[in-house]
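# Remarks on the overall topology
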Amino acid sequence: MNVSDAIATRRSVRGFLDRPVDAALLREIVVKAARAASGGNLQPWHVDLLSGDSLADLKRVIAAKLMAGEAETPAYDIYPRELAAPYRDRRFAVGEAMYGHVGIPREDKAARRLWFARNFQFFGAPAALFCTVDRRMGPPQWSDLGMYLQNVMLLAVEAGLATCPQECWAMYPETVERFLGTPPERMLFCGMAIGYENPCESANRLRSERACASEWLTVRD
């Protein structure tokens, strides 16, 4: 598979088959991804891979938190607090499209909350990763994390796997960091579900739109 095909094929998958992913393949992907660019070659990413019993244990821990209605102070604002157009409109549109595919109307808030909670079960994925970063790092290094994670997702496509990057885990940083044994100088950035796509999952019919290049591209000759 060439890079162009991997980019065109990659998307966030929200339903996975109950099919294990080979541990050696997962390790190969996350190690290869470390060829990502980073300013000053800092390589600021730290990665925890979970599968099997460790993943099942975390799912139980977070399910109990959600059932008890316990909340934590998020690690950061996942979206700007004053999200203006066109960004607000894009977020609204993709959310409505997804809930449309799974048949949950906007007024059914309870059903939407239940669907969102599937994030914290990794949508049934048999493997996952968490990315953490030194708290002293700033926006430039956070962009390096994005380049690393994009490499992971493209390599997963090449290997026949699907992924879903999940910043929602930043809503429970204390729980995740405690579970992982993350040292205090590092903070949680995001999680990612990894596995084989379930073609029968309605949410996986979603194909998010991309803005026309004229909205963001300026070419100067």
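Above: the structure in question.
Presented here is a report on the structure given in the accompanying data block.

So, how was this worked out
- Residues numbered from 1 in each chain as written.
- Predicted model: local features only at pLDDT ≥ 70, side-chain atom pairs only at ≥ 80, totals over all residues.
- Heavy atoms only, no water.
- Salt bridge = Lys/Arg side-chain N within 4 Å of Asp/Glu carboxyl O.
- Buried < 20%, exposed > 50% of the residue type's maximum accessible area, 1.4 Å probe, protein only.
- Helix = DSSP H or I, 4+ residues; strand = E, 2+ residues; numbered from the N terminus.
- Pairing = 2+ DSSP bridges.
- Axes fitted to C-alpha atoms, helices over the stretch in contact; angles between N-to-C directions.
- Contact = heavy atoms within 4.5 Å.
- Polar contact = N/O pair within 3.5 Å; in protein donor to acceptor, adjacent residues only side chain to side chain.
- Patch = residues over 30% accessible without salt bridge, like charges linked within 9 Å, V, L, I, M, F, W, Y side chains within 5 Å.
- Areas by Shrake-Rupley, 256 points an atom, 1.4 Å probe, with all protein chains shown as cover.
- Phe/Tyr/Trp six-rings, centres within 6.5 Å; stacked < 30°, edge-to-face > 60°.
- Lys NZ or Arg CZ within 6 Å of the ring centre and 35° of its normal.

On to the pattern of salt bridges. Considering all chains together, one arrives at 13 salt bridges under this definition. With a shortest N-O distance of 3.6 Å, Lys65 and Glu72 are connected by a salt bridge. Residue classification places Lys65 among the buried positions, given a relative accessible area of 16%. Among the salt bridges present, the one from Arg135 reaches Glu177, with a minimum N-O distance of 3.2 Å. Of this pair, Arg135 sits in the loop between strand 2 (127-134) and helix 6 (139-158) while Glu177 sits in helix 7 (residues 173-180), and the two are 42 residues apart along the sequence. We classify Arg135 as partly exposed; its relative accessible area is 43%. Residues joined by salt bridges that share partners form a network here, namely Lys65, Glu70 and Glu72.

All right, on to the sheet that holds strand 3 (residues 162-166) then. By way of backbone hydrogen bonds, the strands of a sheet pair with one another, either parallel or antiparallel. Read across the sheet, four strands follow the order 1-2-4-3 without closing on themselves; strand pairing throughout is antiparallel. Only two strands of the sheet have a single partner each, and these edge strands are strand 1 (46-51) and strand 3. On average, adjacent strands in this sheet sit at an angle of 20° to one another, irrespective of strand direction. Across eight bridges, strand 2 lies against strand 4 (residues 186-195) in antiparallel orientation. When the sheet's bridge partners are listed, Val133 is paired in strand 4 with Met187. In this fold helix 2 (residues 23-32) packs onto strand 1, strand 2 and strand 4, with an angle of close to 165° to the strand it touches most, strand 1. Each of strand 1, strand 2 and strand 4 is contacted by helix 7, which is oriented at about 80° to strand 4, the strand it contacts most.

Look at any regular strand and the pattern is simple: side chains alternate between the two faces of the sheet. With eight of eight residues buried, strand 2 lies mostly within the body of the structure. Here strand 1 runs beside strand 2; their pairing, made up of six bridges, is antiparallel. Note that in strand 2 the partner of His46 across the bridge is Thr132.

Let's shift gears to the environment of Pro80. By the secondary structure assignment, Pro80 is in the loop between helix 3 (52-67) and helix 4 (87-101). By relative accessible area, which is 52% here, Pro80 ends up exposed. In this structure the C-alpha to C-alpha distance between Pro80 and Lys109, which are 29 residues apart in sequence, comes to 22 Å.

Looking at the secondary structure, you find Arg81 in the loop between helix 3 and helix 4. On the basis of relative accessible area, Arg81 is assigned to the exposed category, the value being 71%. Measuring from C-alpha to C-alpha, the distance between Arg81 and Thr182 comes to 28 Å, with 101 residues separating the pair along the chain. Side-chain polar atoms of Arg81 contact the side chain of Asp77, separated by 3.0 Å.

On to a nonpolar patch on the surface. A cluster of nonpolar side chains, Trp216, Leu217 and Val219, forms an exposed patch at the surface whose accessible area comes to about 360 Å². Its location among the elements puts Leu217 in the segment after strand 4. Owing to a relative accessible area of 44%, Leu217 belongs among the partly exposed residues under this scheme.

Residue Pro86 follows Ala85 across a cis peptide bond; omega there is 5°. Structurally, the position occupied by Pro86 is in the loop between helix 3 and helix 4. In this structure, Asn41 takes a positive phi of about 55° despite not being glycine. Within the element layout of this structure, Asn41 appears in the loop between helix 2 and strand 1. Judged by its relative accessible area of 52%, Asn41 falls in the exposed class.

All chains considered together, the criterion is met by eleven aromatic pairs. For the pair Phe122 and Trp169, a centre-to-centre distance of 4.7 Å together with 20° between the ring planes defines the contact as stacked. Residue Phe122 is located in the loop between helix 5 (109-117) and strand 2, and its partner Trp169 is located in the loop between strand 3 and helix 7; the two are separated by 47 residues in the primary sequence. Relative accessible area serves as the criterion here: at 0%, Trp169 is assigned to the buried category. Grouped by ring-pair contacts, the aromatic residues Phe116, Phe120, Phe122, Phe130, Trp169 and Tyr172 constitute a single cluster. When the ring centre of Tyr196 is taken as origin, the NZ or CZ atom of Arg19, which lies over that ring, is 3.7 Å away.

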